[in-house]
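# Structural overview for review
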Amino acid sequence: MKHTPDFLEQAYDPRDPSPWLALYLDRSTPLDEEVKRAWLADSSSRSRQFVLPFVRPFARTLIVLFQVVKTFTPRRWAFSRQLHRLLAWGMENFIRPEANWLILRHFHLGSQVLAFIARNSGTDTATNPLKPLRIEDVREDMFLVHDLNLYNFVIRLNQNLRESGRSLEHVPAPDLSMIVRPSLELADMPRRRRNFLDLQSSIELFTPIYQLLLTDSDFWRATNSLQLDETIGLYSATILDAREHLILLNNRHPLVPMSTLRAGFRLTLHGLSTEMLHAFLMGKKAAMQVSAP
């Protein structure tokens, strides 16, 4: 499998410009250069072009059917360990290296963002960082724990703020020491011929499986955690006094739950907004280091 995306190898033709090249060269939104390259290589893949249009309606139909099935099964029906073993197997054997790299990065970035908010909140709010180094690490209920971490963090942070009579405020010199590049390399991801499936197709396929093998409560909480992008974005924007960052968020208002049918698409948005927030924080950290005496 090639390492260089086609849109970077092809000659630029003004009569037939590549949309992927335009997006790659554009710097209007904060995104790490290596991440943008991997993201667009995955987005421009043949899998996303030809597999996703068939996978998406199939997966959404399964969500409806599984919801009917779950209506007649015990409420505590859950097979979390089997689910995560299945997800890890799928990642190892079928998902593109760029997609696997972005998925594993997401756990690191989410942990760093929560640590940044906690450290600059003026409270002693604990976090539970997830830092997978290999695909097999996700077997330990990592996707489920990731969702639990987010809700538990919002609850604990706001309990602590209320008990101390405080609220989040702008921090002129925020602590950004926890914002670092994750120790994951794209070159270490599986790169066999069968690792062809793009990120969005993978997420669409994983979503009904997630629904089937977890409780309704776990699935509902997971899909609606995506709307907390707005909440986390507001927390970060308040600390940094950078409300302009919020224009990058579009996973909808956290107080208005959305249908689970579009969870796969919204999960992709969630991953991208996390990457952009992390890149924004990395830029702030670099700027502070330059201006430091």
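Before reading further, recall that the structure is shown in the block above.
Now for a quick tour of the structure. (Residues numbered from 1 in each chain as written. Predicted model: local features only at pLDDT ≥ 70, side-chain atom pairs only at ≥ 80, totals over all residues. Heavy atoms only, no water.)

### Remarks on the layout of surface pockets
There is about 690 Å³ of room inside the largest pocket. Together, 29 residues line the largest pocket, and Asp6, Ser44, Ser45, Arg46 and Arg96 are the ones closest to its centre. Listing elements by their share of the lining of the largest pocket, those giving two or more residues are α1 (6-9), α2 (19-25) and α4 (46-71). With three residues, α2 is the largest single contributor of residues to the lining of the largest pocket. Taken together, the residues of the lining of the largest pocket sort by class into eleven nonpolar, eight polar and ten charged. Taken as a whole, the second largest pocket holds about 400 Å³ of empty space. (1 Å grid on protein atoms, 1.4 Å probe; cavity = no way out; pocket = protein on both sides within 12 Å on 5 of 7 lines; lining within 4 Å. Points joined across faces, edges and corners; volume = space filled by probe spheres on them. Helix = DSSP H or I, 4+ residues; strand = E, 2+ residues; numbered from the N terminus. Nonpolar A, V, L, I, M, F, W, Y, C, P; charged D, E, K, R; others polar.)

### Quick look at the pattern of salt bridges
In this structure the tally under the stated criterion is 16 salt bridges. Across the salt bridge formed by Asp13 and Arg15, the nearest N and O atoms sit 3.5 Å from each other. With its nearest N and O atoms 3.3 Å apart, the salt bridge here joins Glu185 to Arg181. Overlapping salt bridges, with partners in common, bring together Glu34, Arg181 and Glu185 in one network. (Salt bridge = Lys/Arg side-chain N within 4 Å of Asp/Glu carboxyl O.)

### Some points on the environment of His278
As for its placement among the helices and strands, His278 is situated in helix α11 (residues 263-291). Distance from His278 to His170, taken between C-alpha atoms, is 18 Å for residues 108 residues apart in sequence. With sequence-adjacent residues up to four places away left out, His278 is seen in contact with Arg105, Leu109, Gln112, Ile179, Val180 and Pro182. In this structure the side chain of His278 is engaged in a polar contact, spanning 2.7 Å, whose partner is the side chain of Gln112. (Contact = heavy atoms within 4.5 Å. Polar contact = N/O pair within 3.5 Å; in protein donor to acceptor, adjacent residues only side chain to side chain.)

### Quick word on the packing of aromatic side chains
For the structure on display, the rule yields three aromatic pairs. Consider the rings of Phe7 and Tyr24, whose centres lie 5.9 Å apart with planes at 55 degrees: the pair is tilted. Here the residue Phe7 occupies a position in helix α1, and Tyr24 occupies one in helix α2, the gap between them amounting to 17 residues. Across this residue pair, the class does not change: Phe7 and Tyr24 are buried. (Phe/Tyr/Trp six-rings, centres within 6.5 Å; stacked < 30°, edge-to-face > 60°. Buried < 20%, exposed > 50% of the residue type's maximum accessible area, 1.4 Å probe, protein only.)

### Brief notes about the environment of Ala41
Here Ala41 shows up in helix α3 (residues 33-43). For the pair Ala41 and Tyr24, spaced 17 residues apart in the sequence, the C-alpha separation amounts to 9.7 Å. Beyond its immediate chain neighbours, meaning those up to four positions away, Ala41 contacts Pro5, Phe7, Arg96 and Glu98.

### A look at empty space enclosed by the protein
A water-sized probe rolled over the atoms picks out the places where empty space is left. Scanning all chains against the criterion turns up two cavities of 30 Å³ or more. If you add up the space inside the largest cavity, you get close to 520 Å³. Along the walls of the largest cavity sit 26 residues, with His106, Phe143, Ile203, Leu267 and His270 positioned nearest its centre. Of all the secondary-structure elements, those providing two or more residues to the lining of the largest cavity are α6 (97-119), α7 (142-163), α8 (199-213), α9 (216-224) and α11. Looking at the lining of the largest cavity, the element that brings in the most residues is α11, giving six residues. Per-class residue counts for the lining of the largest cavity are 16 nonpolar, eight polar and two charged. Of the pockets and cavities examined, the second largest cavity occupies roughly 330 Å³. Lining the second largest cavity are 26 residues, and of these Gly110, Leu114, His146, Leu150 and Ile232 lie nearest its centre. At the level of secondary structure, the elements contributing two or more residues to the lining of the second largest cavity comprise α6, α7, α10 (228-240) and α11.

Such coordinate-based values are descriptive only and should not be taken to indicate function.
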